[in-house]
Amino acid sequence: MFEIIIPPALILLIGAFLVAVSRPGMRPVIALAAPLATLYAIWQVPDGILLSATFLGYEVQLIEGGPLRRLFATVFACMAFAGVLFSFKQAKWYELAAAMAYASGAIGVSFAGDLIVMFVFWELMALFSVVVVWSGGTFGSKRAGIRYIVMHLLGGILLKVGIEGIMIHTGSVEIRALTLDNFDTWLVFIGILVNAAAPPVSAWLADAYPESSPTGSVFLSAFTTKTAVLALILLFPGQPLLIGIGLWMIFYGIIYALLENDIRRILSYSIINQVGFMVVAVGIGTELALNGAAAHAFAHIFYKALLFMSAGAVIHQTGKNKCSELGGLFRSMPLTTVCGTIGALAISAFPLTSGFISKSLTASAAAESHLTLVWFLLTAASAGVFLHAGIKFPWYVFFQKDSGLRPRDPPWNMQAAMVLLSVICIGLGMFPQLLYALLPYPVDYEPYTAAHVVTQLQLLLFAGLAFFVMLPMMKRTLTISLDLDWFWRVGFVAAFEKLEAGLNAARRGLGLAAAAVIRRVSAELMRHHGAQGVLARAWPVGSMLLWVAVLLAGLMIARYA
Amino acid sequence: MSERDAHKDHWLVRPGTIRWLWRIFGLVLGLTVAAQLFVEVHGHFGADGWLGFNALYGFGTCVAMVLFAKLLGFLVKRPENYYRDDDV
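Cut-offs used in this document
Residues numbered from 1 in each chain as written. Chains lettered and ligands numbered in written order. Predicted model: local features only at pLDDT ≥ 70, side-chain atom pairs only at ≥ 80, totals over all residues. Heavy atoms only, no water. Helix = DSSP H or I, 4+ residues; strand = E, 2+ residues; numbered from the N terminus. Rg over C-alpha atoms; globule rule 2.2 N^0.38 Å. Buried < 20%, exposed > 50% of the residue type's maximum accessible area, 1.4 Å probe, protein only. Contact = heavy atoms within 4.5 Å. Areas by Shrake-Rupley, 256 points an atom, 1.4 Å probe, with all protein chains shown as cover. Lys, Arg positive; Asp, Glu negative; His and termini not counted. Charge placed at Lys NZ, Arg CZ, Asp CG, Glu CD. Pairing = 2+ DSSP bridges. Buried area = accessible area lost by both parts, 1.4 Å probe. Salt bridge = Lys/Arg side-chain N within 4 Å of Asp/Glu carboxyl O. Polar contact = N/O pair within 3.5 Å; in protein donor to acceptor, adjacent residues only side chain to side chain. Phe/Tyr/Trp six-rings, centres within 6.5 Å; stacked < 30°, edge-to-face > 60°. Lys NZ or Arg CZ within 6 Å of the ring centre and 35° of its normal. Core = buried A, V, L, I, M, F, W, Y, C linked by side-chain atoms within 4.5 Å. Expected span 1.5 Å × (residues − 1).

Caption draft 1: Structural detail: the overall build of chain A. Check the secondary structure of chain A and you find 21 helices and three strands. A globule of 561 residues ought to have a C-alpha radius of gyration of about 24 Å, yet chain A, at 33 Å, is considerably larger. Projected onto the principal axes, the alpha-carbon positions of chain A cover approximately 130 × 65 × 60 Å. Put simply, chain A has 561 residues, and 58% of those count as buried. Expressed as a percentage of contacts within chain A between residues at least 6 apart in sequence, the contacts between residues at least 24 apart total 80%. Total accessible area computed for chain A in this model is approximately 22,400 Å², and 71% of it derives from carbon and sulfur atoms. Each charge class in chain A can be summarised by its mean position, and for the 34 positive and 27 negative side chains these summaries are 17 Å apart.

Given below as structure tokens:
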């Protein structure tokens, strides 16, 4: 039988191109159809390496199928569809086309059969995602986009040098578990972690995403960090360093989200927090943990996009994006309130939501691996997620004080996208087998035990109590929070200016000193050899005779004394 | 807001409703702890199986995180236009 395998990423990329060049009337049709066609193609990809080509003299594997890869590609394609549905009436054509090309990059990475192909699609994501950031259209988004692309190109260079090193030293670009025992693998590791928003460069995420358009941030929330999680699962499973990095990200996300006033920046910090859970799971590295990382990525993409959609709907309808300016919107935006709250409950892992069935896999893996401290920290973090995203976000946007704003629910396509994702969040929570069946390893885990439900409810509801008890301490202020990006936005710039000023002063000082030396030398020369100089002026004859007499007297004394 | 205006507001935010919401919330909190009397919770590490452990732990850690964020805020909070990204 003759079978043609079409790379799924290519379908979406062609779709993105067609959206860019087609008539405005055709755009929504193509934009909605392309992700669905891609999804169909994803499910036609069987396991194993399927498509090889020659690139720069190397045999490259364009497509490699497998359950883990299919899971990620599936969620990326679904997200592309939901994102297009949310934005096709509101977004500019270039934002829509770039977002689709960005998603195709993520799907390309998912199926990449070797490191070269992975790198090519990795850069495709960076290039098109920055167009999505720039589509924010403000001065702030322009500058944030430049910082974003510089960060990602730097990460890409590290990745590229690492991959080249692996090619030269091992002769193979196969995707397999690597160990951190040489310079090459370290570079690959760091390059991937840049995209995962790991410390010390986590700040790029909360810097760039909130500057995009209300529709753009929905796409941005989904792809970059999760492809990094997939790459970590494929290349560095069980790397213990990841546990520490992930825990740092988890608590960094919570603390910074608590300090934040911009609603999309709260959600951005929350992405770092959630990716932290996945990174910890990859670090634990057991089959249960890797299942947990994959399941959590899958569930997370949907509820986080739902949260960004509700935030985007609010910003689209009100033009405001700060907690301190919003509030009381439940009166006039009931559907957005309900959908945003479902997203908030799902991210908090309430029973009957997708977060409940996915997050607990990681915690159980920590317990089974007897990582006591990790388990206690993960449990505290679960409470913290409810605190910073589960309550804080809906509370400040939809409830708290009455801001006086009475915006209506957003246009129908935005509503439809939010309802679609709400149904997915609750559907996965009610029927966990839907997700568990897609996971890379067989799942022998039952999330709905009485003990699990009771302990989880205790944890979350008492975290909720803490929120309302501590509410007076969380008064919103019109501030931003400094992060490590201060160093490259202010610190290094100031240091460079200082250095420049110092060098300038040194140059001026040296010039002055040189001039002084030259003046001094010429003055001395003038004194001795100038017209009146002791060695050059005309001496009277009398004084010469005097000195000759002195000389003769001296000789006589020396001779006869 | 006077008492008369308060009645005109949405029913969900009237002081009476909020009092009831607090009562119900308190009841639910009590129930989740009481449920542990009927549901055997096997802790992985000992302490996590105690009665009300998750309640206390969730509350305590959240208070700690809020306090830590507050303290860190004194160090890292800056006015919104600190980076002057909106200047053209």
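Caption draft 2: Here's a closer look at the pairing of strand β1 (residues 48-55) of chain A. All names here are of chain A. For β1 and strand β2 (residues 58-65), the ladder comprises seven bridges, and the chain directions are antiparallel. Within the sheet, the bridge partner assigned to Phe55 lies in β2 and is Tyr58. If you look at the hairpin formed by β1 and β2, you'll find two residues sitting between the two strands, and Leu56 has a positive phi there, around 50°.

Caption draft 3: Structural context of the interface of chain B and chain A. In this assembly, 48 residues from chain B lie in contact with 54 residues from chain A. Contact between chain B and chain A buries roughly 4,700 Å² in total, counting both sides, with carbon and sulfur atoms accounting for 74%. For the pair chain B and chain A, the number of links is one salt bridge. The partner of Lys322 of chain A in a salt bridge is Glu80 of chain B, with the nearest N and O atoms 3.2 Å apart. Along the contact surface separating chain B from chain A lie 11 residue pairs in polar contact (both at pLDDT 80 or more). Those elements that place two or more of their residues in the side of chain B that touches chain A are α2 (15-34), α3 (53-76) and β1 (77-79) of chain B. The biggest single contributor to the side of chain B that touches chain A is α3 of chain B, with 18 residues.

Caption draft 4: Representation of the packing of aromatic side chains. On inspection of all chains with the given rule, the structure shows 30 aromatic pairs over all chains. Taking the centre distance of 6.1 Å and the plane angle of 70° together, the rings of Phe88 of chain A and Trp412 of chain A count as edge-to-face. One end of the pair, Phe88 of chain A, is in the loop between α3 (67-87) and α4 (93-111); the other, Trp412 of chain A, is in helix α17 (residues 412-430), and 324 residues separate them in sequence. Residue class for Phe88 of chain A comes out buried when judged on its relative accessible area of 16%. Here a set of aromatic residues connected by ring pairs shows up, and it is made of Trp375 and Phe376 of chain A together with Phe45, Phe53 and Tyr57 of chain B. It is Lys359 of chain A that lies over the ring of Phe277 of chain A; its NZ or CZ is 4.9 Å from the centre. Of note, Arg23 of chain B hangs over the ring of Trp20 of chain B, and the distance from its end group to the ring centre comes to 4.7 Å.

Caption draft 5: Up close: the nonpolar core. Phe72, Ile192, Leu235 and Phe236 of chain A are the most contacted members of the largest nonpolar core, which has 209 residues in total. Take this core: its biggest share by element is 21 residues, from helix α13 (residues 287-318) of chain A.

Caption draft 6: Structural context of helix α2 (residues 27-44) of chain A. Residues and elements named next belong to chain A. Here α2 contains 18 residues, and its C-alpha end-to-end distance of 26 Å stays within 8% of the 26 Å for a straight helix at 1.5 Å per residue. Turning to α2, its buried residues are Arg27, Ile30, Ala31, Leu32, Ala34, Pro35, Thr38, Ala41 and Ile42. Among the structural elements, α1 (8-21), α3 and α4 are those in contact with the buried residues of α2.

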